[in-house]
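Overview (structure and organization)
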Amino acid sequence: MSTLIKGADLLGRGRADVLVRDGRVAEIGTLTAPAGAETVDADGLILLPGLVDLHTHLREPGREDAETVLTGTQAAAKGGYTAVCAMANSYPVADTAGVVEQVAALGRAAGYADVQPIGAVSIGLAGERLAELGAMADSAARVRIFSDDGHCVHDPRLMRRALEYVKTFGGLIAQHAEEPRLTEGAEMNEGAVSAELGLPGWPSVAEEAIVARDVLLAEYVGSRVHFCHISTARTVEIIREAKARGVDVTAEVCPHHLLLTDEAAHSYDPVFKVNPPLRTDRDVAALRAALAEGVVDAVATDHAPHAPQDKDCEWAAARPGMLGLETALSITVAALGGPEDCDWDTVAERTSRAPARIASLPGHGRDPEPGAEANLTLVDPSESWTVVPSELASLSQNTPYAGMELPVTVQATFLRGRATVLDGKLVEETE
Ligand code: NCD
């Protein structure tokens, strides 16, 4: 099976044709389609390495009323993703080889994106005893990232043991940084808006205290550490300083923290309730600058679909979390200066290459070059779109961007050469 991607803009290399054969890039240049090849007209489109998400809640097993591996990976493909890392807070929790293998198998059966399960750090995400990290790493799912996301590994002794353990096989702990004693009962960012609305606050220091502690722990044990969804200006400074000292630390930021602020809570619409919470203009500006600069390594969606009964209720009763997969690229481009002014190489680095490196997914995050797996995304930089929740591929509709016009559209996504999205639409037939 071969496909000729005709006349795409290749980052830093100008316009070229890319021939994809048997799942890999075969040739790049001025090419004519071989007999039997499909041709995709990429005039005016930018060819990116397929996007990689470090932080996706697929909800299966257990909450298939909110999302399934199939619908979540369809949303991923529409967003330009070729690989997603599935968070462990499913029901049952992904804390054994059996569960992670099941999630990986569901991903293969769906066929829309590679699904790399993340294993829990602690049994049942309870923060007490280490889960079977080695068994998950040795399993067919080959787990490399472990996270209790949704919960912080707040016991410093457990965190130390986890960092030591994964070091032996090149694994990574992805920390949800939230000191739980400082966020008890919290509903939104602690600040002027929470005071005005009378909602209990989630102080930024609850994140920063854990990030600072874990930088020191990782440095002490000589392990690497990754921080999920960082949300404050001070966290950026702690990570900047740690990197300058040579600590092996990486961090991700979510699109919503690059665009929205706690002012959105004035609506009392629970679609804006998320953990960590939306912060202030100052935090948004610091996160954008850190993303451009590379202090923040990657954009990760924290795609958190929720069923209507968990969101269409009053703020305090609603679950935190918002959709992200289908809007992440647009918001990243906007946050980096817009389609005309952003550095597209930086977009590729933060949404694809860096997350693929962090997740140890060598087949992903590779620019088109002969021999590389053809995990690729074609983007139209000149087309914008309006977010209509009912038109999203996700089973849930809790997007905070409903009705917003966003820049750039994903025209095609190729997973090992096979189109999962063409002309901006899902290809329904998969193998
Ligand atoms: C996450 C979810 O829904 O699984 N929600 C969120 O707001 N990010 C888990 C969590 O981090 O609370």
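This write-up is about the structure you can find in this document. (Residues numbered from 1 in each chain as written. Predicted model: local features only at pLDDT ≥ 70, side-chain atom pairs only at ≥ 80, totals over all residues. Heavy atoms only, no water.)

**So, the pattern of salt bridges**
Quick note on the threshold: For salt bridges, the criterion is a side-chain nitrogen of Lys or Arg within 4 Å of an Asp or Glu carboxyl oxygen. Only DSSP runs of H or I with at least four residues qualify as helices, and only runs of E with at least two residues qualify as strands; both kinds are numbered from the N terminus onward. Residue exposure (1.4 Å probe, protein chains only): buried if accessible area is under 20% of the type maximum, exposed if over 50%, otherwise partly exposed.
Scanning all chains against the criterion turns up 23 salt bridges. Here Lys6 and Asp17 are joined by a salt bridge, their closest N and O atoms 2.8 Å apart. With Lys6 in strand 1 (residues 2–10) and Asp17 in strand 2 (residues 14–21), this residue pair connects regions lying 11 residues apart in the sequence. Given the relative accessible area of 33%, Lys6 is considered partly exposed. Judged by relative accessible area, Asp17 falls into the buried class, the value being 6%. A salt bridge links Arg63 to Asp310, with the shortest nitrogen-to-oxygen separation between them at 2.9 Å. Taken as a pair, Arg63 in the loop between strand 6 (51–56) and helix 1 (69–78) and Asp310 in helix 10 (residues 308–311) lie far apart in primary sequence, 247 residues in all. Look at Arg63 and you get buried, because its relative accessible area is 17%. With a relative accessible area of 12%, Asp310 lands in the buried category.

**Digging into the sheet that holds strand 10 (residues 172–175)**
Formally: Two strands are said to pair when DSSP picks up at least two bridges between them. Any two residues whose heavy atoms approach within 4.5 Å at even a single point are treated as in contact. Note on geometry: axes are lines fitted to C-alpha atoms, helical ones only across the stretch in contact, with angles between N-to-C directions running from 0 to 180 degrees.
In space, the five strands of this open sheet follow the order 9-10-13-14-15, with parallel pairing throughout. Among the strands making up the open sheet, the edge pair consists of strand 9 (145–146) and strand 15 (298–299). Pairing between strand 14 (residues 249–253) and strand 15: two bridges, direction parallel. Within strand 15, the position partnered with Val253 by the bridge is Val299. With respect to the sheet, helix 6 (residues 204–221) is in contact with strand 10 and strand 13 (225–227), its orientation differing from that of strand 13 by roughly 165°.

**With respect to the site of the ligand**
Under the convention used in this document: Whether a residue is near a molecule or strand depends on its heavy atoms: if one lies within 4 Å, it is near. We define a polar contact as two N or O atoms separated by no more than 3.5 Å, with the added condition that, inside protein, one atom must be a possible hydrogen donor and the other a possible acceptor, whereas residues neighbouring each other in sequence contribute only through side-chain atom pairs. All accessible areas in this document rest on Shrake-Rupley with a 1.4 Å probe, and a residue is counted as covered only by the protein chains that are shown. All amino acids are sorted into three groups, where Ala, Val, Leu, Ile, Met, Phe, Trp, Tyr, Cys and Pro are nonpolar, Asp, Glu, Lys and Arg are charged, and the leftover types, Gly among them, are polar.
Taken together, the neighbourhood of the ligand is formed by 13 residues, with Arg59, Asn89, Asn275, Asp302 and Pro320 sitting nearest. Within the contact set of the ligand, an oxygen atom lies 2.9 Å away from a backbone nitrogen or oxygen of Asn275. With the chains in place, 93% of the 310 Å² that the ligand exposes on its own is no longer accessible. Split into classes, the residues belonging to the shell around the ligand amount to three nonpolar, seven polar and three charged.

**What to know about the nonpolar core**
Note the cut-off: Nonpolar cores were defined as sets of buried Ala, Val, Leu, Ile, Met, Phe, Trp, Tyr and Cys residues, with membership established by side-chain atoms within 4.5 Å.
Of all hydrophobic cores here, the largest spans 81 residues; its most connected members are Leu48, Phe146, Phe227, Leu329 and Trp344. At six residues, helix 6 tops the list of elements feeding residues into this core. Discounting chain neighbours no more than four positions away, the residues touching Trp344 are Leu11, Ile46, Leu48, Val333, Pro339, Val379, Pro381 and Val408.

**Describing helix 9 (residues 281–293)**
Using the following cut-off: Here the expected length of a helix is defined as 1.5 Å per residue gap, with one fewer gap than residues.
Taking 1.5 Å per residue, 13 residues should reach 18 Å; helix 9 reaches 18 Å between its end C-alpha atoms and fits that length. Lining the buried residues of helix 9 we find helix 7 (233–244), strand 14, helix 8 (255–259), strand 15, helix 11 (328–335) and helix 12 (344–358). Remark: Gly294 follows helix 9 within two positions and exhibits a positive phi of approximately 100°.

**Regarding unusual backbone geometry**
Omega for the peptide link from Tyr91 to Pro92 comes to 0°, which places this bond in the cis form. Summarising the element assignment, Pro92 is placed in the loop between strand 7 (81–86) and helix 2 (97–110). Geometrically, the link from Asn275 to Pro276 is a cis peptide bond, its omega value of -10° lying close to zero. Tracing the backbone shows Pro276 in the loop between helix 8 and helix 9. With a phi close to 55°, Tyr268 is a non-glycine residue in the positive phi region. Overall, Tyr268 belongs to the partly exposed group, its relative accessible area being 42%.

Keep in mind these numbers describe shape, not what the thing actually does.
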